[in-house]
Amino acid sequence: MTSENSSADGERQVWDVVVVGAGPAGASAAYAAAVAGRRVLLLEKAELPRYKTCGGGIIGPSRDALPPGFDLPLKDRVHAVTFSHNGRFTRTRRSRQMLFGLVNRPEFDQQLVESAQKAGAELRTGATVQRVEQHGAAVPDRRTVAVVLQGGETILSRAVVGADGSASRIGAHVGVKVDQVDLGLEAEIPVPDTVAEDWKGRILIDWGPLPGSYGWVFPKGDTLTVGVISRRGEGAATKRYLEDFIGRLGLAGFEPSISSGHLTRCRADDSPLSRGRVLVCGDAAGLLEPWTREGISFALRSGRLAGEWAVRIAEAHDAVDTRRQALNYAFAVKAGLGVEMSVGKRMLAVFERRPGLFHMALTGLRPAWRAFKDVTQGSTSLGELVRTHPMAQRALTLLDRRQDEGVSP
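Residues numbered from 1 in each chain as written. Predicted model: local features only at pLDDT ≥ 70, side-chain atom pairs only at ≥ 80, totals over all residues. Heavy atoms only, no water.

1. Overview of the UniProt feature "domain: FAD-binding" (unreviewed entry) in the protein
Here comes step 1: UniProt's entry tags residues 16-179 with the feature "domain: FAD-binding" (unreviewed entry), counted in the numbering of this structure.
Here comes step 2: With 23% helix and 34% strand, residues 16-179 has end C-alpha atoms that lie 33 Å from one another. (UniProt positions renumbered as here; feature names shortened; annotations may be inferred. Helix = DSSP H or I, 4+ residues; strand = E, 2+ residues; numbered from the N terminus.)

As structure tokens, then:
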């Protein structure tokens, strides 16, 4: 833990790790660095708790990446999935074991931040970061990063983790590049007990009318989270899809308590994950599953890795060691999350052309449903599935080939 005299005008505190953004990625990074005994500052521009456009599904990999003893604030436990293809060919599949849990993001995020605080991280809300500087007058030495807040205040740190969302200022500093941008629209719809009871323990996934689009209904007690997602640039059509979707479900008569939208950004394969003593994780790094656009598990897992490697960077005494640790962080992310993203991109490419194929497989083929269950429950991942199951590998390779040849599967 450090507090050093680093300027002529008196003692200035130098944090070991400053984390920007207190969502799941930032809270996980702050927790990981604080557990290692480092002096950690977690900056968040909003006041907590705050709303986030998100379905709030906690799949197995998310659960497994939570701090030890974390008590999930579940609103429902999902044992059944109803699939439909643009409102037709509806079929429900069930599982004896819970597939995944559903949370309200304000509550979930707040609890993650509290875990980081209990581990020793200090939280500061209402702090908007304008930029970070690694050279210049604000930076006393080569081992220090200056985090400049709106209003001009400067905070010094040995390492910085950017977890400030998909429109990240820290991501811009690092030079994050994206090659897939999607628009998600969502409504939180309070419903009567009779309607809520019909949805309890069951979600709906609807493969949508736009290429690569789908909709969802996630029940959370007396509220249904209803949303759709599709490629950016189809704003009017995406809005129409959500309206039609809500109408088809018989929910048009209920007034949403919140209606919101959000852009998700998926990183390009060659996008950097660091620059000097600054790392990025979660949405700020463009880390999410390209097909489903699931981001919570990617945020939790990359955040934990970023926190662990930020500690090593904070301890690095020169540029060579800093670079080595940053490359190790990138390798750790790419070896796990990167493999899953690669498979997800292949899945999305086929899904955009042939959503009916996925619908038919999940509703009619037992191995496909079992694979869905295994991934959501966390006993495998998309990457492991393709690597360890020859049938899955052959099927995806065949679909890739037909995709390249422009042949309908």
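2. Concerning the packing of aromatic side chains
Here comes step 1: Evaluated as defined, the whole model comprises 14 aromatic pairs.
Here comes step 2: Members of the aromatic cluster, each reached through a chain of ring pairs, are Phe83, Trp207, Tyr214, Trp216, Trp291, Phe351, Phe358, Trp369 and Phe372.
Here comes step 3: Its end group placed over the ring of Trp199, Arg202 keeps NZ or CZ at 4.3 Å from the ring centre.
Here comes step 4: Taking the ring centre of Phe298 as reference, the NZ or CZ of Arg301 above it sits at 5.1 Å. (Phe/Tyr/Trp six-rings, centres within 6.5 Å; stacked < 30°, edge-to-face > 60°. Lys NZ or Arg CZ within 6 Å of the ring centre and 35° of its normal.)

3. Here's the deal with the pairing of strand S3 (residues 14-20)
Here comes step 1: For S3, a buried count of 7 out of 7 residues is recorded, marking the element as mostly surrounded by other parts of the structure.
Here comes step 2: Sheet topology note: the S3/strand S13 (residues 154-162) ladder contains 6 bridges and is parallel. Pairing of Val19 across the sheet is with Val161, part of S13.
Here comes step 3: Where S3 and strand S4 (residues 40-44) come together, 4 bridges link them in parallel fashion. Looking at S4, one finds that Val17 is bridged to Val40.
Here comes step 4: A crossover links S3 with its parallel partner S4, the connecting element being helix H1 (residues 24-35), and its sense is right-handed. (Buried < 20%, exposed > 50% of the residue type's maximum accessible area, 1.4 Å probe, protein only. Pairing = 2+ DSSP bridges. Right-handed = clockwise from strand over helix to strand, strands pointing away.)

4. Considering helix H7 (residues 296-315)
Every α-helix carries 3.6 residues per turn, so stepping three or four residues along brings you back to the same face.
Here comes step 1: Compared with an ideal rise of 1.5 Å per residue, which puts 20 residues at 28 Å, H7 spans 29 Å between its outermost C-alpha atoms and is within 8% of the ideal.
Here comes step 2: Extensive coverage of H7 is indicated by the burial of 16 of its 20 residues. (Expected span 1.5 Å × (residues − 1).)

5. Some remarks on the side chain of Ser28
Here comes step 1: If you trace the backbone, Ser28 turns up in helix H1.
Here comes step 2: Within the structure, Ser28 has its side chain in polar contact with the backbone oxygen of Pro24 (distance 2.8 Å).
Here comes step 3: When near neighbours in sequence (up to four residues on either side) are disregarded, Ser28 contacts Leu300, Gly303 and Arg304. (Polar contact = N/O pair within 3.5 Å; in protein donor to acceptor, adjacent residues only side chain to side chain. Contact = heavy atoms within 4.5 Å.)

6. Digging into the nonpolar core
In globular proteins that are soluble, nonpolar side chains generally tend to be buried together.
Here comes step 1: Among the nonpolar cores identified, the biggest contains 66 residues, and Val18, Leu43, Phe108, Val147 and Tyr329 are the most heavily contacted of them.
Here comes step 2: When residues no more than four places from it in sequence are discounted, the contact partners of Leu43 are Val18, Val19, Val20, Gly21, Ala22, Arg124, Ala127, Val129, Val147, Leu149 and Ile155.
Here comes step 3: Grouped together as the second largest cluster of nonpolar side chains are 26 residues, Phe100, Val343, Phe351 and Phe358 included. (Core = buried A, V, L, I, M, F, W, Y, C linked by side-chain atoms within 4.5 Å.)

7. Some words on the pattern of salt bridges
Here comes step 1: Counted according to the given criterion, the structure contains 17 salt bridges.
Here comes step 2: Ionic contacts of the salt-bridge type, sharing partners, join the residues Arg50, Arg105 and Asp109 into one network. (Salt bridge = Lys/Arg side-chain N within 4 Å of Asp/Glu carboxyl O.)

8. Thoughts on the layout of surface pockets
Here comes step 1: Approximately 360 Å³ is the volume found for the second largest pocket.
Here comes step 2: Taken together, 16 residues make up the lining of the second largest pocket; nearest its centre are Gln134, His135, Arg142, Gly276 and Ala319.
Here comes step 3: Listing elements by their share of the lining of the second largest pocket, those giving two or more residues are strand S19 (274-275) and helix H8 (319-353).
Here comes step 4: If you tally residues by element for the lining of the second largest pocket, the top one is H8, at 4 residues.
Here comes step 5: Taken together, the residues that form the lining of the second largest pocket break down as 2 nonpolar, 8 polar and 6 charged. (1 Å grid on protein atoms, 1.4 Å probe; cavity = no way out; pocket = protein on both sides within 12 Å on 5 of 7 lines; lining within 4 Å. Points joined across faces, edges and corners; volume = space filled by probe spheres on them. Nonpolar A, V, L, I, M, F, W, Y, C, P; charged D, E, K, R; others polar.)

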